[in-house]
Amino acid sequence: MRHPPCQTGENFVYGGTVLSTGCDFVSCSEDQTACVWTGDSLTQTIMHPCTVWCAVALPDGDFATAGQDGVVRIFTKDPSKAAPPEAQAAFV
């Protein structure tokens, strides 16, 4: 598996975590991404403003990332827990 922005393999993948679903995996990388995988298929790439050093699974199926900028970000599939649209727009 390679993170899509670094298909050349020049950036380090710093870590990963298996989500509580048991079939999804999140990897994090020097290329400023967290990638969500199901099996060996990439299902989502989440860009960050910095190198992503750590990803950790949370018990409710969500996951958190931490990076070089000192910020912890929590990601969820549950719309009731999602940030308001203006906060989501600021993240991108």
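Residues numbered from 1 in each chain as written. Predicted model: local features only at pLDDT ≥ 70, side-chain atom pairs only at ≥ 80, totals over all residues. Heavy atoms only, no water.

## Thoughts on the sheet that holds strand S2 (residues 24-29)
No. 1: Read from one edge of the open sheet, four strands run S1-S2-S3-S4, paired in antiparallel fashion. Here the strands that pair on one side only, and so sit at the sheet edges, are strand S1 (13-18) and strand S4 (41-47). Geometrically, the sheet is characterised by an average inter-axis angle of 20 degrees between neighbouring strands, direction not taken into account.
No. 2: In the sheet, S2 pairs with strand S3 (residues 33-38) via five bridges, with the strands oriented antiparallel. Paired with Phe25 across the bridge in S3 is Trp37. (Pairing = 2+ DSSP bridges. Helix = DSSP H or I, 4+ residues; strand = E, 2+ residues; numbered from the N terminus. Axes fitted to C-alpha atoms, helices over the stretch in contact; angles between N-to-C directions.)

## Focus on the pairing of S1
No. 1: As judged from the five bridges shared by S1 and S2, these two strands associate in the antiparallel manner. Looking at the pairing, Val18 lines up with Phe25 of S2.
No. 2: In sequence, S1 turns back onto S2 through a hairpin of five residues, with Gly22 there showing a positive phi of about 85 degrees.

## Some remarks on the sheet that holds strand S7 (residues 72-75)
No. 1: If you trace the three strands from one edge of the open sheet to the other, you get S5-S6-S7, paired in antiparallel fashion. Both edges of this open sheet fall to strand S5 (52-57) and S7, since each of them pairs with a single strand only. On average, each strand axis in the sheet is tilted by 20 degrees relative to the strand beside it, whichever way the strands run.
No. 2: As paired strands, S5 and strand S6 (residues 63-67) are joined by five bridges and run antiparallel to one another. Across the sheet, Val52 pairs through a bridge with Gly67, a residue of S6.

## Focus on the nonpolar core
No. 1: Judged by nonpolar contacts, Leu19, Val26, Cys28, Ala34, Val36, Ile46, Val52, Ala55, Phe63 and Phe75 together constitute the single largest core of 10 residues.
No. 2: Filtering out sequence-adjacent residues up to four positions away, Val36 remains in contact with Phe25, Val26, Ser41, Leu42, Thr43, Gln44 and Phe63. (Core = buried A, V, L, I, M, F, W, Y, C linked by side-chain atoms within 4.5 Å. Buried < 20%, exposed > 50% of the residue type's maximum accessible area, 1.4 Å probe, protein only. Contact = heavy atoms within 4.5 Å.)

## Let's talk about the side chain of Ser29
No. 1: Structurally, Ser29 can be placed in strand S2.
No. 2: Within the local environment of Ser29, its side chain forms a polar contact with the backbone nitrogen of Asp31, the two atoms lying 3.1 Å apart. (Polar contact = N/O pair within 3.5 Å; in protein donor to acceptor, adjacent residues only side chain to side chain.)

## Digging into the pattern of salt bridges
No. 1: Enumeration over the complete set of coordinates arrives at four salt bridges.
No. 2: Two residues, Asp60 and Lys81, come together in a salt bridge whose shortest N-O distance is 2.7 Å. Placement of the pair is Asp60 in the loop between S5 and S6 and Lys81 in the loop between S7 and helix H1 (85-91), with a sequence separation of 21 residues.
No. 3: For Asp69, the salt bridge identified is with Arg73, shortest N-O distance 2.7 Å.
No. 4: Exposure remark for Asp69: the relative accessible area of 35% places this residue in the partly exposed category.
No. 5: A single salt-bridge network, built from bridges that share partners, covers Asp60, Asp62 and Lys81. (Salt bridge = Lys/Arg side-chain N within 4 Å of Asp/Glu carboxyl O.)

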